[in-house]
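# A structural walkthrough
Here is what each chain is made of, one letter per residue.
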Amino acid sequence: MEKIDKNMELINNYLGLISKEVGTINNNNLEIKLKNVDSYVKHLERIKKELKESTSKQYYAYICDVLHKGVKQISGEFDSIIERKKEEQNQITLELSKIGNEKKLINYQR
């Protein structure tokens, strides 16, 4: 049972690390952060596989629920990043459109 508790602690730690990596993504480190997240996910998959083989179906279902909740939270963090990037893109598009319109007005006034 102690090994199972240790694995649950590892799962929670890896979920926390993934959340931290996602929370610190920016334009300069996206590739590195995604590689780190991928590495943590592989560790989680290994732990999950070990637990599936060594625990009861009920406890494994509990572990899957814990992982699902963590993944859902992390997915929400990714969605927030995507929304922010879309908003930035929309702002840039709007600015470029304004500049294009101003250029047209200047050419028309000549």
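Everything in this summary refers to the structure shown in the same document. (Residues numbered from 1 in each chain as written. Predicted model: local features only at pLDDT ≥ 70, side-chain atom pairs only at ≥ 80, totals over all residues. Heavy atoms only, no water.)

### Thoughts on the packing of aromatic side chains
- Going through the model one piece at a time under the given rule, you end up with two aromatic pairs.
- With centroids separated by 5.8 Å and ring planes inclined at 45 degrees, the aromatic side chains of Tyr14 and Tyr40 adopt a geometry described as tilted. Of this pair, Tyr14 sits in helix 1 (residues 2-23) while Tyr40 sits in helix 2 (residues 30-54), and the two are 26 residues apart along the sequence. This pair shows no difference in class: Tyr14 is buried, exactly as Tyr40 is.
- With a centroid separation of 5.8 Å and 40 degrees between ring planes, the pair formed by Tyr59 and Tyr62 is classed as tilted. One end of the pair is Tyr59 and the other is Tyr62, both in helix 3 (residues 57-109) and three residues apart, which spans about a single turn. (Phe/Tyr/Trp six-rings, centres within 6.5 Å; stacked < 30°, edge-to-face > 60°. Helix = DSSP H or I, 4+ residues; strand = E, 2+ residues; numbered from the N terminus. Buried < 20%, exposed > 50% of the residue type's maximum accessible area, 1.4 Å probe, protein only.)

### Quick notes on the packing of helix 2 against helix 3
- Where helix 2 meets helix 3, the axes come as close as 11 Å, and the angle between the chain directions of the two elements is 165 degrees. Comparing the axis directions of helix 2 and helix 3 gives the class roughly antiparallel. Of the two possible hands of crossing, helix 2 and helix 3 adopt the one that is left-handed. Within the contact between the two elements, helix 2 uses Leu34, Leu44, Lys48, Leu51 and Lys52 and helix 3 uses Tyr60, Ile63, Cys64, Leu67 and Phe78.
- Classifying every residue of the contact of helix 2 with helix 3 by side-chain character gives eight nonpolar, no polar and two charged. (Axes fitted to C-alpha atoms, helices over the stretch in contact; angles between N-to-C directions. Parallel < 35°, antiparallel > 145°, perpendicular 65-115°, else oblique. Left-handed = near helix turned anticlockwise from the far one by under 90°. Contact = heavy atoms within 4.5 Å. Nonpolar A, V, L, I, M, F, W, Y, C, P; charged D, E, K, R; others polar.)

### Observations concerning the pattern of salt bridges
- According to the stated counting rule, one finds five salt bridges in the structure shown.
- Taking the shortest distance from any N to any O, the salt bridge between Glu50 and Arg46 comes out at 3.1 Å. With Glu50 and Arg46 both in helix 2 and four residues apart, the pair spans about one turn of that helix.
- Among the residues examined, Arg46 registers a relative accessible area of 40% and is labelled partly exposed.
- With its nearest N and O atoms 3.5 Å apart, the salt bridge here joins Glu88 to Lys85. Residue Glu88 and its partner Lys85 are located together in helix 3, separated by three residues, close to a single helical turn.
- Given a relative accessible area of 40%, Glu88 falls into the partly exposed group.
- Look at Lys85 and you get partly exposed, because its relative accessible area is 34%. (Salt bridge = Lys/Arg side-chain N within 4 Å of Asp/Glu carboxyl O.)

Function cannot be read off these values alone, since they describe shape.
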